[in-house]
Amino acid sequence: MDAVKVNLPSHEYKVTIGAGALGRVATFLTTDLGSSPQHAFVIADSGVPRSFVDSVVQAIGANGCEVRVETLTPSEQDKSVETIHELLKQVALSGHTRADPVIAIGGGVVGDIAGFVAASYQRGVPVIQCPTTLLSMVDASVGGKTGVNLSVESSNGEQSLLKNLVGAFHQPRGVFADIEVLESLDERYRVSGLAECVKHGMIGAGVGIEHAGLMDWMLEHSDSIRRFDPVTIQELVVRNVSIKADVVVADERESIEAKAGGRMLLNFGHTFGHAVETIGDLSPDASRPELAPLHHGEAVALGMMAACNAGLSAGLCSQDVVDGLKKVLEAFNLPTRVGGLPTTLKVVERMSHDKKVSGKALRVILPTGWGKCEIINDPDPEWIMDGIDSIRA
Ligand code: GLY
(Lines give C-alpha, C1' and ligand atoms only; values in the text may rest on other atoms or scores of the structure.)
Protein backbone atom coordinates (compact mmCIF):
# COMPACT_ATOMS: atom_id res chain seq x y z
CA MET A 1 0.00 0.00 0.00
CA ASP A 2 1.28 3.51 -0.83
CA ALA A 3 0.46 6.79 0.87
CA VAL A 4 0.80 10.35 -0.41
CA LYS A 5 0.53 13.20 2.10
CA VAL A 6 -1.31 16.39 1.28
CA ASN A 7 0.69 18.70 3.53
CA LEU A 8 -1.75 21.57 3.99
CA PRO A 9 -0.64 23.48 7.11
CA SER A 10 -4.10 23.55 8.70
CA HIS A 11 -5.29 20.10 7.71
CA GLU A 12 -2.72 17.59 6.55
CA TYR A 13 -4.20 14.32 5.28
CA LYS A 14 -3.16 11.12 3.60
CA VAL A 15 -4.19 9.52 0.32
CA THR A 16 -3.96 5.73 0.75
CA ILE A 17 -3.43 4.03 -2.62
CA GLY A 18 -3.41 0.31 -3.41
CA ALA A 19 -5.39 -2.90 -3.78
CA GLY A 20 -7.62 -3.30 -0.72
CA ALA A 21 -7.41 0.36 0.39
CA LEU A 22 -11.17 0.37 1.10
CA GLY A 23 -10.49 -2.22 3.81
CA ARG A 24 -8.69 0.51 5.79
CA VAL A 25 -11.60 2.95 6.05
CA ALA A 26 -13.23 1.42 9.15
CA THR A 27 -9.99 1.40 11.17
CA PHE A 28 -9.26 4.95 10.07
CA LEU A 29 -12.59 6.10 11.52
CA THR A 30 -11.83 4.67 14.95
CA THR A 31 -8.16 5.65 15.11
CA ASP A 32 -7.79 8.88 13.14
CA LEU A 33 -11.06 10.80 13.49
CA GLY A 34 -10.54 11.68 17.14
CA SER A 35 -13.24 9.61 18.77
CA SER A 36 -15.16 6.67 17.27
CA PRO A 37 -18.13 8.10 15.38
CA GLN A 38 -21.67 7.04 16.33
CA HIS A 39 -23.10 7.56 12.84
CA ALA A 40 -21.74 7.47 9.30
CA PHE A 41 -23.56 8.63 6.18
CA VAL A 42 -22.37 6.80 3.07
CA ILE A 43 -23.15 8.24 -0.37
CA ALA A 44 -22.48 5.48 -2.89
CA ASP A 45 -22.33 5.55 -6.67
CA SER A 46 -24.76 3.07 -8.26
CA GLY A 47 -21.99 2.18 -10.76
CA VAL A 48 -19.76 0.70 -8.04
CA PRO A 49 -20.21 -3.06 -7.50
CA ARG A 50 -22.30 -3.47 -4.36
CA SER A 51 -19.74 -5.84 -2.79
CA PHE A 52 -17.23 -2.96 -2.40
CA VAL A 53 -19.82 -0.72 -0.72
CA ASP A 54 -21.10 -3.55 1.49
CA SER A 55 -17.62 -4.45 2.70
CA VAL A 56 -17.01 -0.84 3.86
CA VAL A 57 -20.46 -0.57 5.46
CA GLN A 58 -20.13 -3.89 7.31
CA ALA A 59 -16.66 -3.06 8.63
CA ILE A 60 -17.82 0.34 9.92
CA GLY A 61 -20.97 -1.20 11.40
CA ALA A 62 -18.92 -3.85 13.19
CA ASN A 63 -17.33 -1.00 15.20
CA GLY A 64 -20.76 -0.15 16.63
CA CYS A 65 -21.39 2.75 14.27
CA GLU A 66 -24.86 3.22 12.77
CA VAL A 67 -24.44 3.46 9.00
CA ARG A 68 -26.92 4.97 6.58
CA VAL A 69 -26.35 4.38 2.84
CA GLU A 70 -27.80 6.52 0.03
CA THR A 71 -27.12 5.40 -3.53
CA LEU A 72 -26.91 7.91 -6.37
CA THR A 73 -26.74 7.45 -10.11
CA PRO A 74 -24.29 10.14 -11.14
CA SER A 75 -25.40 12.69 -13.71
CA GLU A 76 -24.50 16.32 -14.32
CA GLN A 77 -28.25 17.21 -14.29
CA ASP A 78 -28.75 15.69 -10.82
CA LYS A 79 -25.56 17.27 -9.50
CA SER A 80 -27.82 20.00 -8.23
CA VAL A 81 -28.83 22.07 -5.23
CA GLU A 82 -32.04 19.97 -5.09
CA THR A 83 -30.03 16.75 -4.62
CA ILE A 84 -28.01 18.41 -1.84
CA HIS A 85 -31.26 19.50 -0.16
CA GLU A 86 -32.65 15.94 -0.24
CA LEU A 87 -29.42 14.46 1.11
CA LEU A 88 -29.12 17.05 3.89
CA LYS A 89 -32.62 16.13 5.07
CA GLN A 90 -31.61 12.43 5.16
CA VAL A 91 -28.43 13.28 7.08
CA ALA A 92 -30.41 15.32 9.63
CA LEU A 93 -32.97 12.51 10.07
CA SER A 94 -30.22 9.98 10.68
CA GLY A 95 -29.13 11.75 13.89
CA HIS A 96 -25.76 12.73 12.41
CA THR A 97 -23.63 14.88 14.73
CA ARG A 98 -20.75 17.23 13.98
CA ALA A 99 -18.23 14.49 14.78
CA ASP A 100 -19.77 11.96 12.37
CA PRO A 101 -18.38 11.47 8.86
CA VAL A 102 -19.92 11.53 5.40
CA ILE A 103 -18.25 8.89 3.24
CA ALA A 104 -18.23 9.14 -0.57
CA ILE A 105 -17.76 5.90 -2.51
CA GLY A 106 -17.82 6.66 -6.21
CA GLY A 107 -16.62 8.80 -9.09
CA GLY A 108 -16.19 12.57 -9.29
CA VAL A 109 -19.89 13.51 -9.29
CA VAL A 110 -20.61 11.52 -6.12
CA GLY A 111 -17.43 12.83 -4.46
CA ASP A 112 -18.36 16.46 -5.25
CA ILE A 113 -21.92 16.01 -3.95
CA ALA A 114 -20.88 14.15 -0.78
CA GLY A 115 -18.14 16.71 -0.14
CA PHE A 116 -20.64 19.57 -0.38
CA VAL A 117 -23.13 17.81 1.89
CA ALA A 118 -20.32 17.40 4.44
CA ALA A 119 -19.20 21.02 3.98
CA SER A 120 -22.73 22.34 4.57
CA TYR A 121 -24.16 20.13 7.31
CA GLN A 122 -23.73 21.90 10.66
CA ARG A 123 -21.17 24.13 8.87
CA GLY A 124 -18.89 21.19 8.23
CA VAL A 125 -18.55 17.56 9.23
CA PRO A 126 -15.67 15.24 8.26
CA VAL A 127 -15.70 13.78 4.74
CA ILE A 128 -13.84 10.67 3.65
CA GLN A 129 -13.35 10.28 -0.09
CA CYS A 130 -13.21 6.77 -1.60
CA PRO A 131 -12.75 7.42 -5.34
CA THR A 132 -13.66 4.52 -7.62
CA THR A 133 -12.66 5.84 -11.05
CA LEU A 134 -9.17 6.67 -12.26
CA LEU A 135 -10.31 10.23 -12.91
CA SER A 136 -11.54 10.76 -9.37
CA MET A 137 -8.49 8.99 -7.86
CA VAL A 138 -5.95 11.25 -9.56
CA ASP A 139 -7.91 14.50 -9.50
CA ALA A 140 -11.38 15.09 -8.03
CA SER A 141 -11.00 13.31 -4.68
CA VAL A 142 -7.88 15.26 -3.68
CA GLY A 143 -7.88 18.98 -2.93
CA GLY A 144 -11.22 19.67 -1.31
CA LYS A 145 -13.23 21.08 -4.21
CA THR A 146 -16.87 20.23 -3.60
CA GLY A 147 -20.08 21.46 -5.17
CA VAL A 148 -22.88 21.21 -7.68
CA ASN A 149 -24.01 22.68 -10.99
CA LEU A 150 -26.51 25.52 -11.27
CA SER A 151 -29.17 25.63 -13.94
CA VAL A 152 -29.97 29.22 -14.97
CA GLU A 153 -32.04 30.88 -17.66
CA SER A 154 -30.21 33.69 -19.45
CA SER A 155 -31.92 36.85 -20.81
CA ASN A 156 -32.56 35.22 -24.23
CA GLY A 157 -34.49 32.41 -22.51
CA GLU A 158 -31.72 29.84 -23.05
CA GLN A 159 -31.21 27.35 -20.21
CA SER A 160 -27.57 26.85 -19.16
CA LEU A 161 -26.02 24.37 -16.78
CA LEU A 162 -23.18 26.22 -15.07
CA LYS A 163 -20.79 23.54 -13.89
CA ASN A 164 -19.61 23.60 -10.29
CA LEU A 165 -20.86 27.15 -9.77
CA VAL A 166 -22.09 26.45 -6.22
CA GLY A 167 -19.80 24.82 -3.69
CA ALA A 168 -17.18 25.07 -1.00
CA PHE A 169 -13.59 24.11 -0.34
CA HIS A 170 -13.80 21.28 2.17
CA GLN A 171 -10.71 19.10 2.46
CA PRO A 172 -11.27 15.39 3.11
CA ARG A 173 -9.95 13.88 6.33
CA GLY A 174 -8.65 10.92 4.35
CA VAL A 175 -8.74 9.53 0.80
CA PHE A 176 -8.77 5.79 0.02
CA ALA A 177 -8.04 4.88 -3.62
CA ASP A 178 -8.58 1.15 -4.03
CA ILE A 179 -6.94 0.02 -7.27
CA GLU A 180 -8.99 -3.22 -7.28
CA VAL A 181 -12.21 -1.26 -7.90
CA LEU A 182 -10.87 -0.06 -11.24
CA GLU A 183 -11.11 -3.61 -12.58
CA SER A 184 -14.89 -3.26 -12.53
CA LEU A 185 -14.87 -0.28 -14.94
CA ASP A 186 -15.41 -0.77 -18.64
CA GLU A 187 -12.46 -0.11 -20.96
CA ARG A 188 -13.76 3.24 -22.23
CA TYR A 189 -14.14 4.66 -18.70
CA ARG A 190 -10.67 3.49 -17.71
CA VAL A 191 -9.05 5.04 -20.79
CA SER A 192 -11.04 8.23 -20.27
CA GLY A 193 -9.43 8.66 -16.83
CA LEU A 194 -5.99 8.53 -18.43
CA ALA A 195 -6.65 11.96 -19.99
CA GLU A 196 -6.38 13.59 -16.54
CA CYS A 197 -3.06 11.80 -16.02
CA VAL A 198 -1.80 13.24 -19.31
CA LYS A 199 -3.01 16.66 -18.12
CA HIS A 200 -0.84 16.29 -15.00
CA GLY A 201 2.09 15.23 -17.21
CA MET A 202 1.65 18.39 -19.28
CA ILE A 203 1.95 20.66 -16.21
CA GLY A 204 4.24 18.44 -14.08
CA ALA A 205 7.60 20.05 -14.90
CA GLY A 206 6.19 23.44 -13.88
CA VAL A 207 4.96 22.05 -10.56
CA GLY A 208 8.30 20.57 -9.52
CA ILE A 209 11.42 19.08 -11.04
CA GLU A 210 10.55 15.69 -9.47
CA HIS A 211 7.41 15.57 -11.65
CA ALA A 212 9.11 16.51 -14.91
CA GLY A 213 9.37 12.94 -16.19
CA LEU A 214 5.70 11.89 -16.02
CA MET A 215 4.94 12.22 -19.76
CA ASP A 216 8.00 10.19 -20.74
CA TRP A 217 7.28 7.59 -18.03
CA MET A 218 3.70 7.19 -19.27
CA LEU A 219 4.90 6.71 -22.84
CA GLU A 220 7.50 4.16 -21.72
CA HIS A 221 4.84 2.23 -19.76
CA SER A 222 1.94 2.78 -22.17
CA ASP A 223 1.44 -0.96 -22.85
CA SER A 224 1.08 -1.90 -19.18
CA ILE A 225 -1.01 1.21 -18.49
CA ARG A 226 -3.40 0.28 -21.31
CA ARG A 227 -3.60 -3.28 -19.94
CA PHE A 228 -4.31 -1.72 -16.54
CA ASP A 229 -1.54 -3.78 -14.98
CA PRO A 230 -2.21 -3.20 -11.23
CA VAL A 231 1.42 -2.49 -10.26
CA THR A 232 1.85 0.08 -13.04
CA ILE A 233 -1.55 1.65 -12.33
CA GLN A 234 -0.68 1.97 -8.65
CA GLU A 235 2.52 3.83 -9.57
CA LEU A 236 0.58 5.96 -12.06
CA VAL A 237 -1.93 6.95 -9.36
CA VAL A 238 0.84 7.69 -6.83
CA ARG A 239 2.73 9.89 -9.33
CA ASN A 240 -0.45 11.75 -10.28
CA VAL A 241 -1.71 12.25 -6.74
CA SER A 242 1.75 13.60 -5.80
CA ILE A 243 1.46 16.28 -8.51
CA LYS A 244 -2.10 17.11 -7.51
CA ALA A 245 -1.10 17.32 -3.84
CA ASP A 246 1.77 19.72 -4.60
CA VAL A 247 -0.48 21.95 -6.71
CA VAL A 248 -3.14 22.05 -3.97
CA VAL A 249 -0.65 22.76 -1.18
CA ALA A 250 0.80 25.68 -3.20
CA ASP A 251 -2.62 27.17 -4.00
CA GLU A 252 -5.38 25.61 -1.92
CA ARG A 253 -8.10 28.11 -2.91
CA GLU A 254 -7.13 28.66 -6.54
CA SER A 255 -6.20 32.23 -5.77
CA ILE A 256 -2.95 32.48 -7.77
CA GLU A 257 -3.78 34.54 -10.86
CA ALA A 258 -0.19 35.02 -12.10
CA LYS A 259 0.79 33.62 -15.50
CA ALA A 260 2.80 30.79 -13.98
CA GLY A 261 -0.45 29.74 -12.32
CA GLY A 262 -1.32 27.51 -9.42
CA ARG A 263 -4.38 25.36 -9.17
CA MET A 264 -5.84 26.99 -12.28
CA LEU A 265 -3.28 25.05 -14.33
CA LEU A 266 -5.38 21.95 -13.61
CA ASN A 267 -7.87 23.37 -16.12
CA PHE A 268 -5.46 22.63 -18.98
CA GLY A 269 -7.54 21.24 -21.87
CA HIS A 270 -10.80 21.87 -20.02
CA THR A 271 -12.02 25.14 -21.60
CA PHE A 272 -11.70 23.72 -25.13
CA GLY A 273 -12.74 20.29 -23.80
CA HIS A 274 -15.90 21.55 -22.12
CA ALA A 275 -17.02 23.16 -25.40
CA VAL A 276 -16.79 19.87 -27.33
CA GLU A 277 -18.15 17.80 -24.43
CA THR A 278 -21.40 19.75 -24.53
CA ILE A 279 -21.98 18.97 -28.23
CA GLY A 280 -24.03 15.83 -27.71
CA ASP A 281 -23.57 14.10 -31.07
CA LEU A 282 -19.76 13.95 -31.23
CA SER A 283 -18.20 10.48 -31.18
CA PRO A 284 -14.55 9.66 -30.33
CA ASP A 285 -14.51 7.45 -33.45
CA ALA A 286 -15.92 8.96 -36.66
CA SER A 287 -16.79 5.50 -38.01
CA ARG A 288 -18.87 4.70 -34.88
CA PRO A 289 -21.44 7.45 -34.30
CA GLU A 290 -23.20 5.24 -31.74
CA LEU A 291 -20.34 6.04 -29.30
CA ALA A 292 -21.60 9.66 -28.94
CA PRO A 293 -21.54 11.65 -26.70
CA LEU A 294 -17.88 12.09 -25.78
CA HIS A 295 -16.80 11.00 -22.31
CA HIS A 296 -15.21 13.72 -20.18
CA GLY A 297 -11.68 12.35 -20.64
CA GLU A 298 -12.09 12.10 -24.41
CA ALA A 299 -13.23 15.73 -24.51
CA VAL A 300 -10.25 16.73 -22.33
CA ALA A 301 -7.88 14.85 -24.70
CA LEU A 302 -9.27 16.84 -27.64
CA GLY A 303 -9.17 20.00 -25.53
CA MET A 304 -5.48 19.46 -24.71
CA MET A 305 -4.66 18.97 -28.41
CA ALA A 306 -6.56 22.18 -29.25
CA ALA A 307 -4.78 24.06 -26.43
CA CYS A 308 -1.40 22.78 -27.62
CA ASN A 309 -2.05 23.90 -31.17
CA ALA A 310 -3.29 27.27 -29.88
CA GLY A 311 0.02 27.50 -27.95
CA LEU A 312 1.90 26.74 -31.16
CA SER A 313 -0.05 29.41 -33.02
CA ALA A 314 0.73 31.89 -30.20
CA GLY A 315 4.44 31.07 -30.47
CA LEU A 316 4.46 29.79 -26.88
CA CYS A 317 5.50 26.20 -27.60
CA SER A 318 7.17 24.24 -30.39
CA GLN A 319 5.83 21.59 -32.78
CA ASP A 320 7.73 18.98 -30.67
CA VAL A 321 5.32 19.61 -27.79
CA VAL A 322 2.29 19.16 -30.04
CA ASP A 323 3.75 15.96 -31.53
CA GLY A 324 4.73 14.62 -28.09
CA LEU A 325 1.24 15.12 -26.67
CA LYS A 326 -0.32 13.46 -29.73
CA LYS A 327 1.97 10.46 -29.33
CA VAL A 328 1.02 9.94 -25.67
CA LEU A 329 -2.74 10.35 -26.35
CA GLU A 330 -2.56 7.92 -29.28
CA ALA A 331 -0.66 5.41 -27.14
CA PHE A 332 -3.69 5.43 -24.80
CA ASN A 333 -6.21 5.29 -27.63
CA LEU A 334 -7.56 8.73 -26.72
CA PRO A 335 -8.89 10.89 -29.57
CA THR A 336 -6.76 13.70 -31.04
CA ARG A 337 -9.28 14.72 -33.72
CA VAL A 338 -13.06 14.62 -33.93
CA GLY A 339 -15.49 14.54 -36.85
CA GLY A 340 -18.72 16.55 -37.06
CA LEU A 341 -17.56 19.70 -35.23
CA PRO A 342 -19.82 22.71 -35.91
CA THR A 343 -18.30 25.93 -37.30
CA THR A 344 -15.26 27.22 -35.43
CA LEU A 345 -17.20 30.32 -34.39
CA LYS A 346 -19.89 28.16 -32.80
CA VAL A 347 -17.27 26.26 -30.78
CA VAL A 348 -15.70 29.58 -29.67
CA GLU A 349 -19.16 30.71 -28.55
CA ARG A 350 -19.53 27.55 -26.48
CA MET A 351 -16.12 28.17 -24.88
CA SER A 352 -17.14 31.70 -23.93
CA HIS A 353 -20.75 30.99 -22.98
CA ASP A 354 -20.28 29.89 -19.35
CA LYS A 355 -17.82 32.70 -18.80
CA LYS A 356 -20.26 35.31 -20.14
CA VAL A 357 -23.13 34.03 -18.00
CA SER A 358 -20.93 34.04 -14.88
CA GLY A 359 -19.39 37.42 -15.83
CA LYS A 360 -15.83 36.19 -16.39
CA ALA A 361 -13.42 36.86 -19.28
CA LEU A 362 -12.14 33.95 -21.39
CA ARG A 363 -9.01 32.40 -19.93
CA VAL A 364 -7.10 29.44 -21.32
CA ILE A 365 -4.13 27.39 -20.18
CA LEU A 366 -1.55 27.01 -22.97
CA PRO A 367 1.72 25.01 -23.04
CA THR A 368 5.03 26.80 -23.04
CA GLY A 369 7.18 23.67 -23.16
CA TRP A 370 7.21 19.93 -22.45
CA GLY A 371 5.41 19.61 -19.12
CA LYS A 372 4.93 23.36 -18.64
CA CYS A 373 1.84 25.53 -19.09
CA GLU A 374 0.81 29.15 -18.48
CA ILE A 375 -2.44 30.99 -17.84
CA ILE A 376 -3.42 33.27 -20.73
CA ASN A 377 -6.18 35.84 -20.14
CA ASP A 378 -8.14 37.21 -23.11
CA PRO A 379 -6.21 35.17 -25.71
CA ASP A 380 -6.01 36.31 -29.34
CA PRO A 381 -9.09 34.78 -31.04
CA GLU A 382 -6.87 33.60 -33.94
CA TRP A 383 -4.96 31.26 -31.59
CA ILE A 384 -8.21 29.84 -30.27
CA MET A 385 -9.60 29.30 -33.76
CA ASP A 386 -6.36 27.62 -34.89
CA GLY A 387 -6.61 25.31 -31.87
CA ILE A 388 -10.19 24.32 -32.71
CA ASP A 389 -9.42 23.79 -36.40
CA SER A 390 -6.49 21.52 -35.48
CA ILE A 391 -8.81 18.90 -33.93
CA ARG A 392 -11.21 18.65 -36.88
CA ALA A 393 -11.14 15.17 -38.42
N1 GLY B 1 -9.91 19.46 -10.68
C2 GLY B 1 -9.35 20.73 -10.57
C3 GLY B 1 -8.96 21.10 -9.18
O4 GLY B 1 -9.04 20.28 -8.30
O5 GLY B 1 -8.56 22.21 -8.93
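So, here is what we can say about the structure in this document. Worth saying up front: this structure is predicted, and the values here are computed from it rather than measured. (Residues numbered from 1 in each chain as written. Predicted model: local features only at pLDDT ≥ 70, side-chain atom pairs only at ≥ 80, totals over all residues. Heavy atoms only, no water.)

**Some remarks on the packing of helix H3 (residues 81-93) against helix H4 (residues 108-120)**
Argument step 1. With their axes 10 Å apart at the nearest point, H3 and H4 run at an angle of 55° to one another. In terms of their interaxial angle, H3 and H4 are classed as oblique. In the packing of H3 onto H4, the handedness of the crossing is right-handed. Only Ile-113, Phe-116, Val-117 and Ser-120 of H4 make contact with H3, whose side of the interface consists of Thr-83, Ile-84, Leu-87, Leu-88 and Val-91.
Argument step 2. Class assignment of the residues belonging to the contact of H3 with H4 gives a composition of 7 nonpolar, 2 polar and no charged. (Axes fitted to C-alpha atoms, helices over the stretch in contact; angles between N-to-C directions. Helix = DSSP H or I, 4+ residues; strand = E, 2+ residues; numbered from the N terminus. Parallel < 35°, antiparallel > 145°, perpendicular 65-115°, else oblique. Left-handed = near helix turned anticlockwise from the far one by under 90°. Contact = heavy atoms within 4.5 Å. Nonpolar A, V, L, I, M, F, W, Y, C, P; charged D, E, K, R; others polar.)

**Some points on the pairing of strand S6 (residues 127-131)**
Argument step 1. Of all the 5 residues making up S6, 5 are buried; the element is thus mostly covered by neighbouring parts of the structure.
Argument step 2. Along S6, one buried face is formed by Val-127, Gln-129 and Pro-131 and the opposite face, lined by Ile-128 and Cys-130, is buried too.
Argument step 3. Across 5 bridges, strand S5 (residues 102-106) lies against S6 in parallel orientation. Bridging from a neighbouring strand, Ala-104 pairs with Gln-129 of S6.
Argument step 4. In terms of handedness, the path from S5 via H4 over to S6 forms a crossover that is right-handed.
Argument step 5. Of the pairings in the sheet, the one linking S6 to strand S9 (residues 174-178) comprises 2 bridges and is parallel in character. (Buried < 20%, exposed > 50% of the residue type's maximum accessible area, 1.4 Å probe, protein only. Pairing = 2+ DSSP bridges. Right-handed = clockwise from strand over helix to strand, strands pointing away.)

**Let's talk about the site of the ligand**
Argument step 1. Looking at the ligand, the residues that line it are Asp-139, Lys-145, Lys-244, Arg-263 and Leu-266.
Argument step 2. One nitrogen or oxygen atom from the side chain of Asp-139 is found 3.0 Å from a nitrogen atom belonging to the ligand.
Argument step 3. Considered on its own, the ligand offers 200 Å² of accessible surface; in the complex 83% of this is hidden by protein.
Argument step 4. Across the shell around the ligand, the residue classes tally to 1 nonpolar, no polar and 4 charged. (Near = heavy atom within 4 Å. Polar contact = N/O pair within 3.5 Å; in protein donor to acceptor, adjacent residues only side chain to side chain. Areas by Shrake-Rupley, 256 points an atom, 1.4 Å probe, with all protein chains shown as cover.)

The values reported here are purely geometric and, on their own, carry no functional implication.
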